[in-house]
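Given next are the chains, with one letter for each unit.
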Amino acid sequence: MILGIDTSGDVCYIALINGLSGDIKATQFSHNRQLIEQLPARIEAFLADAEVCFQDVDCLACGTGPGSFTGVRVGVMYAKTLAFALGKPIIGISSFDAAAYENISISRAVVCPSKRNEVIAAVYPAYATSPSIGPVAVATDDWDAWLAEHLPSIELTIGQGIDGALTPTGNLALGACLLADPLLAQRSFSDIDSLIPHY
């Protein structure tokens, strides 16, 4: 059973997948910049509603960004603390990879704004779970030219805060769980000490 958390944007995503039964549960909430106050209680309530206790979880999957500086940092540190306290392994998953997973059958770009007057972008070919380009930082002034250069290979642009990008409709924590599932089977875990956010 994998518990997934992604806090890379204005919405916090939580998900749970049971590889044995195939059960999937997911939720999300807007944290209104009160993530650190809300996240522990929200996860406890989510697990209680699923009739699952923390010790039932085999592994944590954590969105590592890119995204909100504070959001990603809070989510990664919470997931690492939880994994350490429970003695459970953790798998860090790029939030871009999780966002791209929902539309895996088409070529897509995942984007997010940066506070350094940049757009962070990555391009995913159809059926790819990792990007062929990026993530790269593109200066805001160069964004239109960069997009035009790569547009022929992109069928969909996913992201928040960027003109022309579609807000993700899926649950990023669920995407993280689904990407982490084969890694759990391979026992390919992240090193808890070196797992860091990517802003």
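You'll find the structure just up there.
Residues numbered from 1 in each chain as written. Predicted model: local features only at pLDDT ≥ 70, side-chain atom pairs only at ≥ 80, totals over all residues. Heavy atoms only, no water.

**Looking at the packing of aromatic side chains**
Centre-to-centre distance and the angle between the planes together describe a pair of aromatic rings. All chains considered together, the criterion is met by 1 aromatic pair. Plain terms: the ring middles of Trp-143 and Trp-146 are 5.4 Å apart, the flat faces sit at 15° to each other, and that makes the pair stacked. Residue Trp-143 and its partner Trp-146 are located together in helix 4 (residues 143-150), separated by 3 residues, close to a single helical turn. With a relative accessible area of 7%, Trp-143 lands in the buried category. With relative accessibility at 12%, the residue Trp-146 sits in the buried group. Above the plane of the ring of Phe-29 lies Arg-42, whose end atom (NZ or CZ) is 4.2 Å from the centre. (Phe/Tyr/Trp six-rings, centres within 6.5 Å; stacked < 30°, edge-to-face > 60°. Helix = DSSP H or I, 4+ residues; strand = E, 2+ residues; numbered from the N terminus. Buried < 20%, exposed > 50% of the residue type's maximum accessible area, 1.4 Å probe, protein only. Lys NZ or Arg CZ within 6 Å of the ring centre and 35° of its normal.)

**Observations regarding helix 1 (residues 35-49)**
Taking 1.5 Å per residue as the helical rise, helix 1 with its 15 residues ought to reach 21 Å, and the 20 Å between its terminal C-alpha atoms agrees with that figure. Here the buried face of helix 1 lies against strand 1 (2-6), strand 2 (11-17), strand 3 (24-30) and helix 2 (69-86). Immediately downstream of helix 1, the backbone of Glu-51 shows phi near 60°, a positive value. (Expected span 1.5 Å × (residues − 1). Contact = heavy atoms within 4.5 Å.)

**Looking at the packing of helix 1 against helix 2**
Where helix 1 meets helix 2, the closest approach of the two axes is 10 Å, and the angle between their N-to-C directions is 40°. Classified by the angle their axes make, helix 1 and helix 2 are oblique. Handedness of the helix 1/helix 2 crossing: right-handed. Packed against helix 1, whose contacting residues are Leu-35, Ile-36, Leu-39, Pro-40 and Ile-43, the element helix 2 presents Gly-71, Val-74 and Tyr-78 at the interface. For the contact of helix 1 with helix 2, the residue count by class is 7 nonpolar, 1 polar and no charged. (Axes fitted to C-alpha atoms, helices over the stretch in contact; angles between N-to-C directions. Parallel < 35°, antiparallel > 145°, perpendicular 65-115°, else oblique. Left-handed = near helix turned anticlockwise from the far one by under 90°. Nonpolar A, V, L, I, M, F, W, Y, C, P; charged D, E, K, R; others polar.)

**Section: the side chain of Ser-107**
Mapped onto the elements, Ser-107 comes out in the loop between helix 3 (95-101) and strand 6 (108-114). Setting aside residues no more than four positions away along its own chain, Ser-107 makes contact with Tyr-124, Pro-125, Ala-126, Ser-153, Ile-154, Glu-155 and Leu-156.

**Observations regarding the nonpolar core**
Counting residues in hydrophobic clusters, the biggest one holds 28 residues, and the most contacted among them are Ile-2, Ile-91, Ile-93, Phe-96, Val-110, Tyr-124 and Ala-180. Counting only elements with at least two residues in this core, the list comes to strand 2, strand 4 (59-63), strand 5 (90-93), helix 3, strand 6, strand 7 (118-124), strand 9 (156-159) and helix 5 (172-185). Looking at this core element by element, the count peaks at 8 residues for helix 5. With sequence-adjacent residues up to four places away left out, Ile-91 is seen in contact with Cys-59, Leu-60, Ala-61, Cys-62, Ala-180, Leu-183, Leu-184, Ser-188, Phe-189 and Ser-190. (Core = buried A, V, L, I, M, F, W, Y, C linked by side-chain atoms within 4.5 Å.)

**Digging into unusual backbone geometry**
With omega at 5°, the peptide bond leading from Gly-65 into Pro-66 counts as cis. When you line up the elements, Pro-66 lands in the loop between strand 4 and helix 2. Backbone torsion omega between Gly-134 and Pro-135 reads 5°, so that peptide bond is classified as cis. Assignment of secondary structure puts Pro-135 in strand 8 (residues 133-139). Positive phi outside glycine occurs at Arg-33, with the angle close to 60°. Examined against the element boundaries, Arg-33 turns out to sit in the loop between strand 3 and helix 1.

**With respect to the pairing of strand 2**
Of all 7 residues in strand 2, 7 are buried, a share of seventy percent or more. The side-chain alternation of strand 2 yields two buried faces, one formed by Val-11, Tyr-13, Ala-15 and Ile-17 and the other by Cys-12, Ile-14 and Leu-16. As defined by bridge partners, strand 1 adjoins strand 2 across 5 bridges and the pair is classed as antiparallel. Considered in strand 2, the bridge of Leu-3 is made with Leu-16. Counted between consecutive antiparallel strands, the loop separating strand 1 from strand 2 contains 4 residues. Across 7 bridges, the pairing between strand 2 and strand 3 is antiparallel. Within strand 3, the position partnered with Ala-15 by the bridge is Ala-26. (Pairing = 2+ DSSP bridges.)

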